[in-house]
Amino acid sequence: MDKGTGSPVGVFVMSKKFVWSPDNPEGTLVDITAEEQAEIDAMVANKDQTPLYVFQRKEAYPSIGDQLDALFHAGVFPQEMADQIQAVKNAHPKP
């Protein structure tokens, strides 16, 4: 969920995106719209015009796994998702 807008979060994967929201904690893989594809195409076509900070931030951010683990430990996941994550952690504990 985007903290600023409350909008569902989406991650683009080829012609699909993964959408998660509190109402849909399992998430759904859906087709992207023509408008979204046009935005992706424009970003790719204009990659040389992308501001430097975009690349610097991408390299500096923690991995997605580390970000998700921090969110889990902060208690911000829906209870059902937190229970699933905890079950995996319990089944495969750190040595």
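Residues numbered from 1 in each chain as written. Predicted model: local features only at pLDDT ≥ 70, side-chain atom pairs only at ≥ 80, totals over all residues. Heavy atoms only, no water.

Asker: Would you mind going over the overall build of the protein chain with me for this structure?
Answerer: Each helix and strand counted, the protein chain has 4 helices and 3 strands in total. Helices (α) and strands (β) of the protein chain occur, in sequence order from the N terminus, as β-β-β-α-α-α-α. The long-range share in the protein chain, meaning contacts at least 24 apart out of those at least 6 apart in sequence, stands at 14%. Surface accessibility of the protein chain: about 7,800 Å² in total, with carbon and sulfur atoms responsible for 60%. (Helix = DSSP H or I, 4+ residues; strand = E, 2+ residues; numbered from the N terminus. Contact = heavy atoms within 4.5 Å. Areas by Shrake-Rupley, 256 points an atom, 1.4 Å probe, with all protein chains shown as cover.)

Asker: What exactly am I supposed to notice about the packing of helix H3 (residues 64–74) against helix H4 (residues 79–91) here?
Answerer: Two packed helices can be described by the angle between their axes and the distance between those axes. The interhelical angle for the contact between H3 and H4, taken along N-to-C directions, is 110 degrees, at an axis separation of 11 Å. By the angle between their directions, the pair H3 and H4 is classed as roughly perpendicular. Side by side, H3 and H4 meet where Asp69, Phe72 and His73 of the first sit next to Ala82, Ile85, Gln86 and Lys89 of the second. Class assignment of the residues belonging to the contact of H3 with H4 gives a composition of 3 nonpolar, 2 polar and 2 charged. (Axes fitted to C-alpha atoms, helices over the stretch in contact; angles between N-to-C directions. Parallel < 35°, antiparallel > 145°, perpendicular 65-115°, else oblique. Nonpolar A, V, L, I, M, F, W, Y, C, P; charged D, E, K, R; others polar.)

Asker: Help me understand a nonpolar patch on the surface, please; the structure alone is not making it clear to me.
Answerer: Among the surface-exposed residues, Leu52, Tyr53, Val54 and Phe55 lie close enough to one another that they form a single nonpolar patch of about 390 Å² accessible area. With respect to the secondary-structure elements, tyrosine 53 resides in helix H2 (residues 52–60). Overall, the relative accessible area of 44% leaves tyrosine 53 in the partly exposed class. (Patch = residues over 30% accessible without salt bridge, like charges linked within 9 Å, V, L, I, M, F, W, Y side chains within 5 Å. Salt bridge = Lys/Arg side-chain N within 4 Å of Asp/Glu carboxyl O. Buried < 20%, exposed > 50% of the residue type's maximum accessible area, 1.4 Å probe, protein only.)

Asker: How do you make sense of the pairing of strand E2 (residues 16–21) when you look at a structure like this?
Answerer: Here is the key point about a regular strand: its side chains alternate between the two faces of the sheet. Bridge analysis of E2 against strand E3 (residues 24–31) gives 5 bridges, and the strand direction is antiparallel. When the bridges of E3 are listed, lysine 16 appears paired with aspartate 31. In this antiparallel pair of consecutive strands, E2 and E3, the connection spans 2 residues. (Pairing = 2+ DSSP bridges.)

Asker: Help me understand the pattern of salt bridges, please; the structure alone is not making it clear to me.
Answerer: Close approach of charged atoms allows side chains with opposite charge to pair. Under the counting rule described, the total for this entry stands at 1 salt bridge. Notably, a salt bridge pairs lysine 89 with aspartate 69, separated by 2.9 Å at the nearest N-O pair. With a gap of 20 residues between them, lysine 89 in helix H4 and aspartate 69 in helix H3 connect regions that are remote in the sequence.

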